[in-house]
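Each chain, letter by letter, is given below.
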Amino acid sequence: MANSMIDKLLTKGLTENKDNETVTDIKIGDVISFSNAEVSYRIISLIGDEVQLVQMQIHSINIKAVSKEYIEDLLDRSEIEILPHMDRIVNEDKINSRIREAHDTDIKIAIEMQKYFNNDFTMLKTQTGTNFAQSQIERYGIGKTKIWRIYRRFLQSGFDSNALYDKRILSHDLSNRVYHNKVGRKPKYSTFGKNLTENDFKNMDSYIKKYKSNIFSSVSSCYKDMLGKYYTEYIREDDGSTMPVLLSASEIPSLNQFRYRLNKILTAEDKSSIRAKRKDISEGNNSLNDSDFLFDIHGPTTVVEMDEQEMDLSAVSYFDPSIAIGRFILHVIVDVQSKLVMAISVSLDNNSVVGATHCLMNLVEDHVDFCRKYGVEIKPEAWPSGNRVNAMRVDRGSEYMSNEFARICRENSINLIPTPARTASRKGTVEKQFSLFGKIWKDILAEYGLISKLHDSNHHEKAVLDYYGVMKICITNVLAYNMSEIENFKRSKDMLNQKLLCSPINLWNYYNSIYHTVHPIGNKNAFLYSLMTPTTCYINKNGVRWEGLWYQYRDTDIDDLRWKGNHHKMEVRMDRRDVSHLYYVKDNKLKVMTLNTKKTYNMDFKDMPYEIYMKYRKIQKELEAHAREQNIAIDVANRALVKSVLAENKRDTYANIQNMNENRIAEKNFIKSENTMHKTIINEKDKKPLPGKEQENNNWPSWDEISDHMSDDEKDFILD
């Protein structure tokens, strides 16, 4: 609280100054300490009448700019005091060469920062400062956290270069420090690791040198070779042979220690050179020299390739064509042998299982009806549909490597084949398909939102196609590609004899006539059910609940569970595109639950995608948590109030219980008299305060006094 008030005070000082007083002689490096709080600022710049301050003893850069007159005003009010700069002294003779070299680099970074901003350090926390810091990060190859730590220490110390040393070095000599416990974070699983000695550093340096010189070696292999040479004992067996035995875990450096040492020794140039060389070797090893991508593939659907790519086309909103929405994501499934495009989808889901299932849904759809939905009429033989695949080749994208996608393939008996890293050529069929699509679009769509690298392309402003327009273009491109002959296609002897025109659709039919590998998906509902996400709903007497929503059903077994009471779990599946329905299987049939219209606010989320609904669900949970916290605070205050009332009315004797009925009548008449209509509608000025305990002179009549003025019939009537 004090810190925020001081920040407001310093900010206020920019406008509320005195102009007629002499300013105390202050200089860069002085410390301004607030008297009423343990907060201090260092003067880091004097520009005319402006004083720039940086807050000390915090782990962030907080810079304030105030006037000199305002500093004088704070001094006159004794709210601050100015302390002189105190130098830090470091014994350079006790600093080893490695620490001194790192310190020299830090000084160079700090001085460059000081020169760049020319003592106007308020720019440091702007975009200009961020850009400058990023340039130094790239130049010196250090992390973002370290670069800002250098800036902070340099400013907070009043530009004292010794402050850039580690704080432990300022108070201790670490050159010959002996650690009794292993430094660093405690490993979660491994037990390897020790307190490293100079001998350990020499051992690691020798194999780091090997890693640097041999482009075929890896960090792991060099580490294991080091253990084999320096940390292994050879025990002689009874038969005269020797057995290598690794030393105990407490005597062996860990792999993380080896990696840490390697990253400290290798420069940024070394790492860049090593990565470039290893990339060349990796690409050379991943090339298909002895065979091609059709090796061991016999017939269509034996192996397909699936991938997605951002389209080089900006689009507009379906709801408002005047609003640009950027690129769509195109997913494609291509048969490897025939090159036929089996399925496509266009969405805005990139690196998402939902986007992948869009395309898998198109695999099972009737393409005649699918094309008709977008205004394109085709014959069934123009684009085969509804055929299952045996194996699917994919890259190592997050959606394809997820457990969800693996489950989908497993339930449909699809063999998932991930390609090795950085080997786009292993999916050459689908990659070439994206290239062909791009060539078709470039000249036609150049002025209609085609994305290019030209600085004046204005592709988003020129966008005109919405989702339906993009889908229609993609469908026509697929149909044209499937019917177009593949140039320079290497034909077999039989193909040459038949003079086969090698379009994808012709190749599909030709290879299928030979291998008979094309088979329809037998159960389309089961296939679609596998594309849904498994989840759990709960059944109680109020109905079926999932993530705060209630669902209707037609199932007597669920009714039986509801009558039993308590909570029952039920495994169901949901479509991430729509939370309006839940699905489950019973008696080998697909059953559907729908949102319950009788539940309050339930239908507000009808037809809503899962991701959007979960955002509302998160808000609901946050409000519920806030309500719990608020209610606790109110209950605490309420209980304290009740206790205070009880304390005020506490007495040492018990209440008199004689004539309770008569006393109750007197109290009732008093309450009625205080709540009459007449007293409610009179003017505020005529209202009298309610008699309290402080009005000791007001003595209300007892039952005996009231009954003296009543007849016997009136007494009997009231008492009855």
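Small disclaimer: the values here were computed from a predicted structure and weren't measured. Each chain carries its own residue numbering, running from 1 in the direction its sequence is written. Since the coordinates come from a predicted model, pLDDT governs what is reported: local features require at least 70, and pairs of side-chain atoms require 80 or more to be given and counted, while whole-chain, interface and lining totals use all residues. The basis for every side-chain value is the complete set of non-hydrogen atoms in the structure, without hydrogens or water.

Novice: Explain the packing of aromatic side chains to me, using residue names and the numbers behind them.
Specialist: Two aromatic rings, drawn from Phe, Tyr or Trp (for Trp, its six-membered ring), form a pair once their centres lie within 6.5 Å of each other, and the interplanar angle then sorts them: stacked below 30 degrees, edge-to-face above 60, tilted otherwise. Enumeration over the complete set of coordinates arrives at 24 aromatic pairs. An angle of 35° between the planes, with centres 5.6 Å apart, marks the rings of F121 and F159 as tilted. Taken together, the positions of F121 in the loop between helix 3 (97-117) and helix 4 (127-140) and F159 in the loop between helix 5 (144-156) and helix 6 (167-171) put the pair 38 residues apart, joining distant regions of the chain. Across this residue pair, the class does not change: F121 and F159 are buried. Aromatic side chains Y223 and F258 sit 5.9 Å apart centroid to centroid with 50° between the ring planes, which places their arrangement in the tilted category. Within this pair, whereas Y223 is found in helix 8 (residues 219-230), its partner F258 is found in helix 9 (residues 255-265), the two being separated by 35 residues in sequence. The way it works is that DSSP assigns letters per residue, a run of H or I at least four long becomes a helix, a run of E at least two long becomes a strand, and they are numbered from the N terminus. Exposure is judged per residue with a 1.4 Å probe applied to protein chains only, and the accessible area is read against the type maximum: over 50% gives exposed, under 20% gives buried, and values in between give partly exposed.

Novice: Describe the pairing of strand 1 (residues 31-34), and please don't skip the residues or the numbers.
Specialist: Residues V31 and S33 point to one face of strand 1 and I32 and F34 to the other, with burial holding for every one of them. Strands are treated as partners if at least two bridges between them are detected by DSSP. Inspection of the sheet shows strand 1 paired to strand 5 (residues 80-83) by four bridges, in the antiparallel sense. Residue pairing for strand 5: S33 is matched across the bridge by E81. Taking the residues that link successive antiparallel strands as the turn, the strand 1-strand 2 (residues 40-47) hairpin has five residues.

Novice: Could you give an account of the sheet that holds strand 15 (residues 549-552), naming the residues involved and the relevant values?
Specialist: Strand order around the closed barrel formed by six strands is 13-14-15-18-17-16, with antiparallel pairing between neighbours. Neighbour to neighbour, the strand axes of the sheet diverge by 45° on average, direction disregarded. Both strand 13 (residues 533-540) and strand 16 (residues 568-575) contribute to a ladder of seven bridges, which runs antiparallel. Across the sheet, the residue bridging to P534 is R573, located in strand 16. Working rule for contacts: check all heavy atoms of both residues, and any pair within 4.5 Å makes them a contact. Axes here mean lines fitted to C-alpha atoms, for a helix over just the part in contact, with angles spanning 0 to 180 degrees between N-to-C directions. Of the strands in this sheet, strand 13 and strand 16 touch helix 13 (residues 403-411), which is tilted by about 95° from strand 13. Packed on one face of the sheet, helix 20 (residues 556-563) meets strand 13, strand 14 (543-546), strand 16, strand 17 (578-586) and strand 18 (589-595) and runs near 50° to strand 13.

Novice: Residue-level account of helix 21 (residues 610-649), with values.
Specialist: For helix 21, with 40 residues, the first-to-last C-alpha span of 57 Å sits near the 58 Å given by 1.5 Å per residue. Taken residue by residue, helix 21 has Y610, Y613 and R617 as its buried positions. In this structure, the buried side of helix 21 is in contact with strand 14, strand 15, strand 16 and strand 17. What a helix is expected to span follows from its residue count: subtract one and scale by 1.5 Å.

Novice: For the sheet that holds strand 8 (residues 304-316), give the residues involved together with the corresponding values.
Specialist: Taken together, the five strands give an open sheet; going across it, the order is 10-9-8-11-12, and neighbouring strands pair in mixed fashion. In this open sheet, the two edge strands, each paired with only one partner strand, are strand 10 (341-347) and strand 12 (415-418). Sheet twist, expressed as the mean angle between neighbouring strand axes with direction ignored, is 30°. As defined by bridge partners, strand 8 adjoins strand 11 (residues 391-394) across two bridges and the pair is classed as parallel. Note that in strand 11 the partner of E305 across the bridge is R393. Its contacts with the sheet put helix 11 (residues 353-364) on strand 8, strand 9 (324-335), strand 10 and strand 11, and the angle it makes with strand 10 is roughly 140°.

Novice: Requested: an account of unusual backbone geometry, with residues and values cited.
Specialist: Outside of glycine, negative phi angles account for most residues, and trans bonds account for most peptide bonds. For N118, which is not glycine, the phi torsion reads 50° and is therefore positive. Within the secondary structure layout, N118 lies in the loop between helix 3 and helix 4. On the basis of relative accessible area, N118 is assigned to the exposed category, the value being 60%. A positive phi angle is found at N588, which is not glycine, with a value near 60°.

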